[in-house]
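The residues making up each chain are set out below.
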Amino acid sequence: MDTRTVTTADPPVLRPRERQLSEFTELARTVQESGLMRRRLGWYWTQFAVVTVGLLATFAAFVLVGHSWWQLVVAALLALLLGQAMFLGHDAAHRQIFASGRWNDWGSLVIANLYAGMSYGWWQHKHSRHHAKPNQVGADPDIDMDVLRFHNEDGPRPVRTGLRRWFREHQGWFFFPLLLLEGLNLHLSGVKTIFGRGPVKRRPVEIAFITLRLGGYLGLVFWLLPFGMAVAFLAVQLALFGLYMGMVFAPNHKGMPIVPRDSKIDFLRRQVLMSRNIRGGRLTDVAMGGLNYQIEHHLFPSMPRPNLRQVQPLVRDFCRAHGIHYTEVSAARSYRTVVQYLNRVGLGARDPFECPITAQYRVAR
């Protein structure tokens, strides 16, 4: 009888980078096998039909209300519907709707440019950079703004005048009021890009759609309404649209750890640790366009929006099993955190909410 002993080789010892890559590969395989990456064309066509009918109904109400200050209510409804349209444009830009990249591009062009009057090309370039390196200094355009200071990683900026110093130290309280100007800023930034030298893939199409949408919209409003009422209508619509967009996007990353310039973090931890989910039910899903599942969206940006709710427990359990901090709070708490964070940054605090994980990666490996 052969009594030789058969030995089993020890499993290979993975280096930290290899282990982290293996972790995300494991999670991605599980998600893929769950079927949650499959397209949801029926759901999206329904959403598109609802938004289109809603916009047509709002146009009818605008015409029927006529010279009445009830038009400000119509303007508020229009702001909400345009926000819902932009969520669809966002999903198409992330290749969530169609299998064809060309179809998704044209879907985004129609929804963003023709429906909402925003440049798809400008937004896509900016948003892609954000997704690649959220909250990283020098890489994420969402934390690089002139009016507000989102980090002191490069050291506090000198502020000499008393008024500017006071504003900087209290900037958190001004964040949400400033969002009332964000709607105008979104339109102007897009127009500046498509008529300038910015990176735009289908510039002639964008120029045609934006010109038709904004020119036709302004012409209609000033034709049907007295000048003062028309100005008030536009002011309410743009202000509430900007506020709506800002209140949806702000809780996702503002006040989460800032990643220094020289840090290199694996994809899984980069997307989870720098993102924040908003707790809520179906109404929250609708109001925030699915972006309340920010962690899942950043990990799987091409996953159809209605599947994010289903994949959340899987991702949350996986993070817990691997010791990765998973942040989920109420909307009220997220807004409070944003204000507190910005005020501390304005006072000169460096990395006020520093994460120990990001500190480990300050020196590239």
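Here the residue numbers are simple positions, counted from 1 along each chain's written sequence. With pLDDT at 70 or above as the cut-off, local features in this predicted model cover only qualifying residues; side-chain atom pairs require 80 or more to be listed or tallied, and sums for whole chains, interfaces and linings still use all residues. Each side-chain value is derived from all of the structure's non-hydrogen atoms; neither hydrogens nor water enter the calculation.

A. View of the overall build of the chain. Strands are runs of DSSP state E lasting at least 2 residues, helices are runs of H or I lasting at least 4, and numbering of each runs from the N terminus. Broken down by element type, the chain carries 16 helices and two strands. Residue contacts are counted whenever heavy atoms from the two residues lie within 4.5 Å of one another. Of all intrachain contacts in the chain linking residues separated by at least 6 positions in sequence, the fraction that spans at least 24 positions is 70%. A 1.4 Å probe and the Shrake-Rupley method give the accessible areas. Residues count as covered only by the protein chains that appear here. For the chain, the exposed area adds up to about 18500 Å²; of that, 64% sits on carbon and sulfur atoms.

B. Quick peek at the nonpolar core. By nonpolar core we mean a set of buried residues, namely Ala, Val, Leu, Ile, Met, Phe, Trp, Tyr and Cys, connected to one another through side-chain atoms within 4.5 Å. Exposure is judged per residue with a 1.4 Å probe applied to protein chains only, and the accessible area is read against the type maximum: over 50% gives exposed, under 20% gives buried, and values in between give partly exposed. The biggest cluster of nonpolar side chains holds 44 residues, and the ones touching the most others in it are Leu55, Met86, Val221, Leu225, Phe233 and Phe241. Per-element tally for this core: the top contributor is helix 3 (residues 71–93), with 12 residues. Residues within four places of phenylalanine 233 in sequence aside, it is in contact with Phe62, Gln71, Leu72, Val74, Ala75, Leu78, Tyr217, Val221 and Leu225.

C. Representation of empty space enclosed by the protein within the structure. Buriedness for pockets is judged along seven lines, at least five of which must meet protein on both sides within 12 Å for an open set on the 1 Å grid over protein atoms alone, while cavities are sets there where a 1.4 Å probe fits but cannot get out, and lining residues have an atom within 4 Å of a point. Grid points are joined across faces, edges and corners, and a volume is the space filled by probe spheres set on the points. Following the criterion strictly, the structure yields one cavity of 30 Å³ or more and no others. Lining the largest cavity are Asn135, Ile143, Phe150, His253, Lys254, Gly255, Met256, Ile258 and Tyr341. Split by residue class, the lining of the largest cavity holds five nonpolar, three polar and one charged. Under the grouping applied here, Gly and all other residues not named as nonpolar or charged are polar, the nonpolar ones being Ala, Val, Leu, Ile, Met, Phe, Trp, Tyr, Cys and Pro and the charged ones Asp, Glu, Lys and Arg.

D. Inspection of the packing of helix 3 against helix 10 (residues 227–253) at higher detail. It is the contact of helix 3 with helix 10, at a shortest axis distance of 8 Å, that shows an interaxial angle of 35 degrees. For the crossing formed where helix 3 meets helix 10, the hand is right-handed. Per-class residue counts for the contact of helix 3 with helix 10 are 19 nonpolar, four polar and no charged. Note on definitions: angles span 0 to 180 degrees between N-to-C directions of axes, and those axes are lines fitted to C-alpha atoms, for helices only across the stretch in contact. Less than a right angle of anticlockwise turn of the near helix away from the far helix marks a crossing as left-handed, whereas a clockwise turn marks it as right-handed.

E. Structural view of unusual backbone geometry. The backbone of arginine 95 shows a phi angle near 65 degrees, a positive value even though the residue is not glycine. Of note, arginine 95 is situated in the loop between helix 3 and helix 4 (101–116). Classification of arginine 95 by relative accessible area gives partly exposed; the value is 27%. The phi dihedral of asparagine 135 is positive, around 65 degrees, even though this residue is not glycine. One can find asparagine 135 in the loop between helix 5 (120–132) and helix 6 (162–169). On the basis of relative accessibility, which here comes to 2%, the residue asparagine 135 falls in the buried class.

F. Examining helix 14 (residues 308–321) more closely. Here helix 14 contains 14 residues, and its C-alpha end-to-end distance of 20 Å stays within 8% of the 20 Å for a straight helix at 1.5 Å per residue. Taken as a whole, helix 14 has its buried residues at Leu308, Val311, Gln312, Val315, Phe318 and Cys319. The buried side chains of helix 14 occupy one side of the element, clustering within an arc of 140 degrees when seen end-on. The outward face of helix 14, more than 90 degrees from its buried face, is lined by the exposed residues Arg320 and Ala321. Backbone geometry just downstream of helix 14 places glycine 323 in the positive-phi region, at approximately 70 degrees. Helix span, as expected, comes to 1.5 Å for every residue beyond the first. This arc is taken over the directions from the axis of the helix to the C-beta atoms.

G. Representation of the pattern of salt bridges in the model. When a carboxyl oxygen of Asp or Glu is within 4 Å of a side-chain nitrogen of Lys or Arg, the pair counts as a salt bridge. Applying the stated criterion across every chain yields a total of 10 salt bridges. Close ionic contact of aspartate 105 with arginine 95 constitutes a salt bridge, the shortest N to O distance being 3.1 Å. Of the two residues, aspartate 105 sits in helix 4 while arginine 95 sits in the loop between helix 3 and helix 4, which places them 10 residues apart along the sequence. Linking arginine 320 and aspartate 317 is a salt bridge whose minimum nitrogen-to-oxygen distance equals 2.9 Å. Taken together, the residues arginine 320 and aspartate 317, both in helix 14 and three residues apart, mark about one turn of the helix. Arginine 320 sits in the exposed class, given a relative accessible area of 57%. Several salt bridges share partner residues, and in doing so they unite Arg95, Asp105, Lys201 and Arg202 into one network.

H. Structural view of the side chain of aspartate 91. Relative to the assigned elements, aspartate 91 resides in helix 3. Distance and chemistry together define a polar contact, namely a pair of N or O atoms within 3.5 Å, with one atom able to donate a hydrogen and the other to accept it when in protein, and with adjacent residues in sequence counting only for side-chain atoms on both sides. Side chain to side chain, aspartate 91 and tyrosine 44 meet in a polar contact 2.9 Å long. Contacts of aspartate 91, omitting those with residues within four sequence positions, involve Tyr44, Gln96, Ile97 and Arg305.

I. Fine view of the packing of aromatic side chains. Classification of ring pairs uses Phe, Tyr and Trp, with its six-membered ring standing for Trp, and accepts pairs whose centres are within 6.5 Å; under 30 degrees between planes counts as stacked, over 60 as edge-to-face, and the remaining range as tilted. Throughout the structure, instances matching the rule amount to 15 aromatic pairs. With 6.5 Å between their ring centres and 90 degrees between their planes, phenylalanine 150 and phenylalanine 175 make a pair best called edge-to-face. Of the two residues, phenylalanine 150 is situated in the loop between helix 5 and helix 6 and phenylalanine 175 in helix 7 (residues 171–178); the sequence distance between them amounts to 25 residues. Accessibility assignment for this pair places phenylalanine 150 and phenylalanine 175 in one class, buried.

J. The arrangement of the environment of serine 275 in detail. Its location among the elements puts serine 275 in the loop between helix 11 (267–273) and strand 1 (277–278). Overall, the relative accessible area of 0% leaves serine 275 in the buried class. Each C-alpha atom of the pair serine 275 and asparagine 135 lies 8.9 Å from the other, and the pair is 140 residues apart in sequence. When sequence neighbours within four positions are dropped, the list of residues in contact with serine 275 reads Asn252, His253, Met256, Gln294, Ile295, His298 and Thr327. A polar side-chain atom of serine 275 sits 2.6 Å from the main-chain carbonyl oxygen of glutamine 271.

Geometric values such as these leave the question of function open.
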